Amino acid sequence: MRGVTVWFTGLSAAGKTTISRRVADLLSIAGAPVERLDGDVVRQSLTRDLGFSAEDRNRNIERVTFVAKLLTRQGTICLAAFISPFEEMRAYARREIGEFLEVYVTAPLDVLVERDVKGLYRKAMAGEIQNFTGVNDPFEVPEHPDLVLATDRQSVEECAQAVIDLLARRGYLEGRAAASAKAAPASQTAYGGRLVDRQLTGDALREALSRAQSLPKVPLDERSYWDLGLLGIGALSPLEGFMLRKDYEAVVESMRLTDGLLWPLPVTLAVAADQPALRDDAEVALTDRAGSIVGLMRVQDRYARQRRREAALVYGTTEEAHPGVAQLYAQGDTLLGGPIWLLDHPAAQGGGLGLTPREVRAEIAERGWRTSVAFQTRNPLHRAHEYMIKVALETLDGAILHPLVGATKSDDVPATTRMRSYAVLLEHYFPARRILLSGFPAAMRYAGPREAVFHAIARRNYGFSHFIVGRDHAGVGSYYGTYAAQELVSALQDEIGIRLLPFENAFYCRACGGMATEKTCSHGADRRVTLSGTKVRGMLQSGELPPAEFMRPEVAKVLSEGYRHEA
């Protein structure tokens, strides 16, 4: 296979990084050798000494061209995503590399401004930023690009497939590889291109547990405990540990990692102010609330957080009445960042709690599902939830009931009771080969739209092609708009690589004689069977079962017995 450099050029926020990342996913699935060079990443290492003057921009492209040429000569498909505003330097790269395809990624300025979560375009337009390409610095539109991608009209998937088609036409992809790349769904690859695995097993686990006894101990609060598990099993790929300062600040401010990858929530480890100072690159043992060692961490960063700013930007409020904000305020002001290794954690133990992303992917492959949907809940299932999953199954190959089994609010039904009730429902009312039950070992943040994106990314890592987002997903109280989560996930679904299935609230209509929503039922509220969560809990605690139109009797019985046992 011949090597080639695919050079993505265009203004900031046009979609160069997102498209190149998806192309890399497709090529990896097809078994083609591929590497990515991205402007933001390169400026953190290879060209960190350069600024943004015309001279420095040219030097930046010269260095990148040298690396791309070496990769291309070795038979690699090199995907280079750089603004590269000057025609002269793009022509230089073409001459030097030889095997070269220029892809112009474009969208109208108003679209770019709207996409720019950092607000850099607006600041440049207001004169607060100078030398910003496309506003107060020129961008020379390519004269003869090999491909033009209009991202205001074409989806990420359509753009990526256009690049694959270009590679195939020009002879850089063999027939079988080209066909494989074109057919591959995004869910076949993990988010960011690689499914992380930070679990230690066998001799490595035994040695780590022995070594950990003499290491400094860092206690985990409830949220970081469950985040550790998600990191270890790869559910938060491509993250390999708790965030360093740069990624933390970028995520809080712009919902992006420093390499430009979409990431909605900070994943951090907070420690108390009196935590002993640690030497640079220190290894520490991570402990649960009982003091048991559950993981290791290499501390690469120690920094202060701005809790109120994080609350305002991530949760949309600084009110302590919000449970996620209250938990944030209860954490320490100092954060530790660095890679982790998982030693002993329920997230990695499978069984009744949950399958790891690799195990779920293996189940999907064994069952032959090409399309599959994840349904998340932290509540017992009633008929409306059942209805949503069954509607999805009418057009998709399979579904997973993926309830959250980490930390939730104190008045939520315990995970063990919920899991028993889910198993009963699936046993009696779903075809076994088309449904899978597995817990999602995460703590609730109640961050609304941002958390919905977080949940969608995790389901991409588990291998699902679709994700159900209901009204006020991950919301609490009246902090978020009813459809805010659906709107944000919908806007970002191409970048995430998972398709949104939005649902209205469903209900049983006595006049219709079945399940319905506002979209399908014209009857009034007096014909609908709806109960509040408080009402249902009260009935179950007293031994009274909700009406069968609202909840399956088998499910209600398990929940009622659970309440009596806990009492």
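If you're wondering where the values come from, they're calculated on a predicted model, not measured in any experiment.

Draft legend 1. Inspection of the sheet that holds strand 18 (residues 506–509) at higher detail. Strand order across the open sheet formed by 3 strands is 19-18-20, with antiparallel pairing between neighbours. Looking at the sheet topology across the chains shown, the edges are occupied by strand 19 (514–517) and strand 20 (528–529). For strand 18 and strand 20, the ladder comprises 2 bridges, and the chain directions are antiparallel. In the strand pairing of strand 20, Tyr 508 is matched with Val 529. Most of the contacts of helix 15 (residues 383–393) go to strand 19, to which it runs at about 80°, and overall it touches strand 18 and strand 19.

Draft legend 2. Inspection of the packing of helix 11 (residues 245–254) against helix 12 (residues 307–315) at higher detail. With their axes 8 Å apart at the nearest point, helix 11 and helix 12 run at an angle of 50° to one another. Taken together, the axes of helix 11 and helix 12 are oblique relative to one another. The segment helix 11 lies against helix 12, with Tyr 248, Val 252 and Glu 253 engaging Arg 309, Glu 310, Leu 313 and Val 314. A class-by-class count of the residues in the contact of helix 11 with helix 12 yields 4 nonpolar, no polar and 3 charged.

Draft legend 3. Highlighting the pattern of salt bridges. Inspection of the entire model under this criterion finds 34 salt bridges. One salt bridge connects Lys 69 with Glu 96, and the closest N-O pair in it is separated by 3.2 Å. Of this pair, Lys 69 sits in helix 3 (residues 54–73) while Glu 96 sits in helix 4 (residues 87–97), placing them 27 residues apart in sequence. With relative accessibility at 34%, the residue Glu 96 sits in the partly exposed group. Of the charged contacts, one joins Arg 90 and Glu 102 as a salt bridge, the two residues approaching to 2.9 Å between their closest N and O atoms.

Draft legend 4. Inspection of the nonpolar core at higher detail. In this structure, Phe 242, Met 243, Trp 263, Val 267 and Leu 286 are the most contacted members of the largest nonpolar core, which totals 78 residues. For this core, the leading source of residues is helix 17 (residues 449–462), giving 7 residues. Not counting chain neighbours up to four residues away, the residues in contact with Leu 286 comprise Val 218, Leu 220, Leu 228, Phe 242, Leu 269, Ser 292, Ile 293, Val 294, Gly 295, Leu 296, Met 297 and Ile 340. Val 23, Leu 101, Val 103 and Leu 149 belong to the second largest nonpolar core, which has 41 residues in total.

Draft legend 5. Seen up close, helix 13 (residues 323–330). Within the sequence span of helix 13, burial applies to Gly 324, Val 325, Leu 328 and Tyr 329. In an axial view of helix 13, the angular spread of the buried residues amounts to 135°, which keeps them on one side of the axis. Where the residues of helix 13 are buried, they touch helix 10 (222–233) and helix 12.

Draft legend 6. How the structure looks around a nonpolar patch on the surface. Residues Leu 109, Met 125 and Val 135 make up a contiguous nonpolar surface patch of about 230 Å² in total accessible area. Within the secondary structure, Val 135 is located in the loop between helix 6 (120–125) and strand 5 (147–150).

Draft legend 7. Focus on the packing of aromatic side chains. Applying the stated criterion across every chain yields a total of 9 aromatic pairs. Pairing Tyr 191 with Trp 263 gives two aromatic rings, centres 6.2 Å apart and planes at 40°, and the pair type is tilted. Here Trp 263 lies in the loop between helix 11 and strand 8 (269–271) and Tyr 191 lies in the loop between helix 8 (175–183) and helix 9 (202–212), a separation of 72 residues in the sequence. In terms of burial, Tyr 191 and Trp 263 fall into one category: buried. An angle of 75° between the planes, with centres 6.1 Å apart, marks the rings of Phe 440 and Tyr 462 as edge-to-face. In this pair, Phe 440 sits in the loop between strand 15 (435–437) and helix 17 while Tyr 462 sits in helix 17, placing the two residues 22 residues apart along the sequence. Here Phe 440 falls in the buried class, since its relative accessible area comes to 0%. Looking at Tyr 462, the relative accessible area reads 0%, which means it is buried. Among the aromatic residues, ring-to-ring pairing joins Trp 7, Phe 82 and Phe 100 into one connected group. The ring of Phe 430 has Lys 390 sitting right over it, with the charged end atom 5.0 Å from the ring centre.

Draft legend 8. Main features of the side chain of Thr 5. Residue placement: Thr 5 occurs in strand 1 (residues 4–9). Here Thr 5 is in contact with Ala 68, Thr 72, Cys 78, Ala 80, Ile 97, Glu 99, Phe 100 and Leu 101, once residues within four sequence places are set aside.

Draft legend 9. Region of interest: the sheet that holds strand 1. Spatial ordering of the open sheet is given by 2-3-1-4-5, a layout of 5 strands whose pairing is parallel. Edge positions in the sheet fall to strand 2 (34–38) and strand 5, since each of these pairs with one other strand and no more. If you compare each strand with its neighbour and ignore which way they point, the axes differ by 20° on average. Of the pairings in the sheet, the one linking strand 4 (residues 100–106) to strand 5 comprises 4 bridges and is parallel in character. Each bridged residue has a counterpart across the sheet, and for Thr 106 the counterpart in strand 5 is Ala 150. Across the sheet, helix 1 (residues 16–29) touches strand 1, strand 2, strand 3 (77–81), strand 4 and strand 5, and the angle it forms with strand 2 is around 170°. Strand contacts of helix 3: strand 1, strand 2 and strand 3, with the helix running at about 145° to strand 1, the strand carrying the most contacts.

Conventions used here
- Residue positions are given per chain, counted from 1 along the sequence in the order it is written.
- It should be noted that, the model being predicted, local features are given only for residues of pLDDT at least 70 and side-chain atom pairs only at 80 or more, the latter also being counted only at that level, while totals for whole chains, interfaces and linings use all residues.
- Only hydrogens and water are set aside when side-chain values are computed; all heavy atoms of the structure are taken into account.
- Criterion used throughout: strands pair if DSSP finds at least two bridges between them.
- Comment: elements are numbered from the N terminus, with helices defined as DSSP H or I runs of at least four residues and strands as E runs of at least two.
- The contact criterion used is simple: two residues touch if any of their non-hydrogen atoms lie within 4.5 Å.
- Angles here are taken between N-to-C directions and fall from 0 to 180 degrees, while the axes themselves are lines fitted to C-alpha atoms, restricted in helices to the stretch in contact.
- Here the angle decides the label: under 35 degrees means roughly parallel, over 145 means roughly antiparallel, 65 to 115 means roughly perpendicular, and every other value means oblique.
- Nonpolar residues are Ala, Val, Leu, Ile, Met, Phe, Trp, Tyr, Cys and Pro. Charged residues are Asp, Glu, Lys and Arg, and all others, Gly as well, are polar.
- Salt bridge, as used here: a side-chain nitrogen of Lys or Arg that lies within 4 Å of a carboxyl oxygen of Asp or Glu.
- Exposed residues in this analysis have more than 50% of their type's maximum accessible area, buried residues have under 20%, and partly exposed residues fall in between, with area computed by a 1.4 Å probe over protein chains only.
- Remark: nonpolar core denotes a set of buried residues (Ala, Val, Leu, Ile, Met, Phe, Trp, Tyr, Cys) joined through side-chain atoms within 4.5 Å.
- The arc under discussion is defined with respect to the helix axis, by the directions toward the C-beta atoms.
- Each patch is built from salt-bridge-free residues with over 30% relative accessible area, joining like charges within 9 Å and nonpolar side chains (Val, Leu, Ile, Met, Phe, Trp, Tyr) within 5 Å.
- Throughout, the Shrake-Rupley method with a 1.4 Å probe supplies accessible areas, and for residues the shown protein chains are the sole cover considered.
- Here the aromatic set is Phe, Tyr and Trp, taking the six-membered ring for Trp, and pairing holds for ring centres within 6.5 Å; pairs whose planes are under 30 degrees apart are stacked, those over 60 apart are edge-to-face, and all others are tilted.
- Placement of a positive charge over a ring is assigned whenever Lys NZ or Arg CZ falls within 6 Å of the ring centre and within 35 degrees of the normal to the ring plane.

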